[in-house]
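Structural overview
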Amino acid sequence: MKRLYIDTVGCQMNVLDSELVVADLRSHDFEPVDRPGQADVILFNTCSVRQHAEEKVYSNLGRLRQLKQENPDKVIGVIGCMAQNHQQRVFKRAPFVDLVVGPGQLHQLPELIEKVERGKGRQIEVSLGRKDGNRLQILRSHESFDPLRDPQMRPTPFQAYVRTQIGCDKFCTYCIVPSVRGPEQARSPEEILAETQHLAEHGCLEITLLGQTVNSYRYKDGEKTVRLADLLYQMHDIDGLQRIKFVTNFPKDMTDELLSAVRDLSKVSPYLHVPAQSGSTDVLKRMKRGYTAEEYREMMDRINEQIPNSAVSSDLIVGFCGETEGEYQKTVDLVRDCRFKNSFIFKYSVREGTKADQLFEDDVPDDVKRRRNNELLALQNQISEEDNQAFIGRSLDVLVEGLSKAALDQARKGTVPILFGTKFASRFFSGIGLAS
Ligand code: SAM
Ligand code: SF4
């Protein structure tokens, strides 16, 4: 048995990729370990959405320099979006790295690791860039990595992500995803349903469908086109499955058919993550999001009318190129009016090669971005807390996912307070369970 350590940052797509990489490598005689020092192979599954995420990977890699000097046989690999984005640059900044593998090439990992181990030197496998070939060549070079999962190797037996699409074709001007994850490609409904069925048969209670714009899902099957709502109706019939979620939604594709499916299907969670990004139509235009602030508000009205018990969450970017105080205030107004359940708020980060990088200046000073970020976060926290008050005294079914990261650290140190009695607490450590 060889030992594998994997560090994952970024979105749910990366969490799923890491799960699949671990399962794949386990079938090639690897076992996961908790610390890089114990491992024969160390992998960093990376994110490129903001510069900060990339810099953090380089600083984590830097900490391994000495370990590699002392143990030259250890294999160190950078996989995922930063591998695709930086390619040879990774070797330049961290010359002790052995492997660079983009998200569209993960199926090659076992073979590439073996090549490094056999002394064949550094290995790099990335997909074609958006201008590096004809459409078919580019599509083929980004492969969806969805091997059949071994239920015994899954980190959380009761929950799973299932991919509906890879890539993205929306090209929001600030975003690197369409270049690192390639063109949008839908998996067939048969594959998605077979994977869901298989997971449900092995005890999975909750499935979250994943796509960069999951509600844009469309798969042409002869004469008919299958959309996300059709998938939800079919998944609803799968025995054993109790909950279905889907992320992330694109506001323009929030159709009435989809909202009806969420309203009518009891297993579909009325939780909708629909990033607005900004409350100013002028900023949205510069972001090339394809909708106005008024259209976003109309969509919210439709959601609230059709699914009164829904919870809507959002992503927001502050300090995008040229964002004036007045434009930022429109985002504040949007958050106040929409009363999102939760918002992920980001300071704009220039991404090399994106349209925003080419067309606009990153002219909002960092202290202004930080102030807007903090203000918006405080407002969102206040709204979330007020909303949460309404749950006091109510009984609800919950799916216990496990300990939070902080509690897990405490548990490892033996200082976690036992809140639920030892029997229940021990279940916490071995997985998750349904509780009322
Ligand atoms: N596909 C999803 C969507 O369209 O909402 C999410 C993609 S991205 C991984 C997650 C979030 O990161 C985006 O919704 C956006 O708010 C944020 N983001 C993307 N590019 C960014 C950038 N250059 N600077 C700051 N935040 C960014
Ligand atoms: Fe990026 Fe926009 Fe695609 Fe989301 S929809 S991944 S923000 S380009």
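For the structure, see preceding data.
No experiment lies behind these values; they were computed from the predicted model shown. (Residues numbered from 1 in each chain as written. Chains lettered and ligands numbered in written order. Predicted model: local features only at pLDDT ≥ 70, side-chain atom pairs only at ≥ 80, totals over all residues. Heavy atoms only, no water.)

**Quick look at the site of ligand 2**
Looking at ligand 2, the residues that line it are Cys168, Lys170, Phe171, Cys172, Tyr174, Cys175, Val177, Pro178, Gln212, Thr213 and Arg289. Classifying every residue of the shell around ligand 2 by side-chain character gives seven nonpolar, two polar and two charged. (Near = heavy atom within 4 Å. Nonpolar A, V, L, I, M, F, W, Y, C, P; charged D, E, K, R; others polar.)

**Looking at the environment of Leu376**
Mapping Leu376 onto the fold places it in helix H16 (residues 366-389). Using a relative accessible area of 0% as the deciding quantity, one classes Leu376 as buried. With 355 residues separating them in the primary sequence, Leu376 and Val21 have C-alpha atoms 37 Å apart. (Helix = DSSP H or I, 4+ residues; strand = E, 2+ residues; numbered from the N terminus. Buried < 20%, exposed > 50% of the residue type's maximum accessible area, 1.4 Å probe, protein only.)

**Quick notes on the sheet that holds strand E10 (residues 206-210)**
Read from one edge of the open sheet, three strands run E7-E10-E13, paired in parallel fashion. One side of each edge strand has no neighbouring strand; the edge strands of this open sheet are strand E7 (159-163) and strand E13 (243-247). Mean inter-strand twist for the sheet, computed between neighbouring axes without regard to direction, equals 25°. Sheet topology places E10 next to E13; five bridges connect them, and they run parallel. Looking across to E13, one finds that Glu206 is bridged to Arg243. Strand contacts of helix H1 (residues 12-26): E7, E10 and E13, with the helix running at about 100° to E7, the strand carrying the most contacts. (Pairing = 2+ DSSP bridges. Axes fitted to C-alpha atoms, helices over the stretch in contact; angles between N-to-C directions. Contact = heavy atoms within 4.5 Å.)

**Quick notes on the packing of aromatic side chains**
Pairs of aromatic rings are described using the distance from one ring centre to the other and the angle between the two planes. Applying the stated criterion across every chain yields a total of six aromatic pairs. Pairing Tyr174 with Phe320 gives two aromatic rings, centres 6.2 Å apart and planes at 80°, and the pair type is edge-to-face. You can see Tyr174 sitting in the loop between strand E8 (165-166) and helix H8 (177-180) and its partner Phe320 sitting in the loop between strand E15 (311-318) and helix H14 (325-338), a full 146 residues away along the chain. Across the pair, Phe320 and Tyr174 agree in class, each one buried. Ring plane angle 40° and centroid distance 6.2 Å describe the contact between Tyr291 and Tyr296, whose orientation is recorded as tilted. Judged by its relative accessible area of 1%, Tyr296 falls in the buried class. Three or more aromatic residues joined by ring pairs make a cluster, and in this case those are Tyr174, Phe320, Tyr348 and Phe360. Here the guanidinium or amino end of Arg93 rests over the ring plane of Tyr58, the centre of that ring lying 3.9 Å away. (Phe/Tyr/Trp six-rings, centres within 6.5 Å; stacked < 30°, edge-to-face > 60°. Lys NZ or Arg CZ within 6 Å of the ring centre and 35° of its normal.)

**Quick look at helix H10 (residues 228-236)**
Residues Leu228, Ala229, Leu231, Leu232, Met235 and His236 constitute the buried set of H10. Angular distribution of buried residues about the axis of H10 spans 155°; they occupy a single face of the element. Where H10 is buried, its residues meet helix H9 (189-201), E10, strand E12 (224-227), E13 and helix H11 (256-264). (Arc of directions from axis to C-beta.)

**Section: the nonpolar core**
Ile207, Leu209, Leu228, Leu232, Phe246, Leu272 and Tyr296 are the most contacted members of the largest nonpolar core, which totals 62 residues. Discounting chain neighbours no more than four positions away, the residues touching Ile207 are Ala160, Val162, Thr196, Leu199, Met235, Leu241, Arg243, Ile244 and Lys245. Among the nonpolar cores identified, the runner-up in size contains 22 residues, and Leu20, Ile79, Leu112 and Leu210 belong to it. (Core = buried A, V, L, I, M, F, W, Y, C linked by side-chain atoms within 4.5 Å.)

**Some thoughts on the sheet that holds E15**
If you trace the three strands from one edge of the open sheet to the other, you get E14-E15-E16, paired in parallel fashion. Of all strands in the sheet, those bounded by a partner on one side alone are strand E14 (271-273) and strand E16 (342-347). Going from strand to strand, the sheet's axes swing by 15° on average, the running direction of each strand aside. As defined by bridge partners, E14 adjoins E15 across three bridges and the pair is classed as parallel.

**Here's the deal with the site of ligand 1**
The immediate surroundings of ligand 1 are formed by 15 residues, with Tyr174, Gln212, Gln277, Asp315 and Ser349 found nearest. In this structure, Tyr174 approaches ligand 1 through a main-chain N or O atom, which is 3.0 Å from a nitrogen atom. Ser349 is positioned such that a nitrogen or oxygen atom in its backbone is 2.8 Å from a nitrogen atom of ligand 1. Protein burial of ligand 1: of its 560 Å² of free accessible surface, 91% is covered by the chains. When residues of the shell around ligand 1 are traced back to their parent elements, those giving at least two are E15 and E16. (Polar contact = N/O pair within 3.5 Å; in protein donor to acceptor, adjacent residues only side chain to side chain. Areas by Shrake-Rupley, 256 points an atom, 1.4 Å probe, with all protein chains shown as cover.)

**Looking at the pattern of salt bridges**
Between side chains of opposite charge, pairing is possible as soon as their charged atoms come close. With the rule as written, the count across this model stands at 31 salt bridges. Glu206 is paired through a salt bridge with Arg243; the nearest N and O atoms lie 3.6 Å apart. Of the two residues, Glu206 is situated in strand E10 and Arg243 in strand E13; the sequence distance between them amounts to 37 residues. Note on Glu206: relative accessible area 3%, which makes it buried. The partly exposed category is assigned to Arg243, whose relative accessible area is 26%. The salt bridge partner of Arg372 is Glu323, with a shortest N-O separation of 2.8 Å. Remark: Glu323 occurs in the loop between E15 and H14 and Arg372 occurs in helix H16; sequence separation between them is 49 residues. Overall, Glu323 belongs to the buried group, its relative accessible area being 4%. (Salt bridge = Lys/Arg side-chain N within 4 Å of Asp/Glu carboxyl O.)

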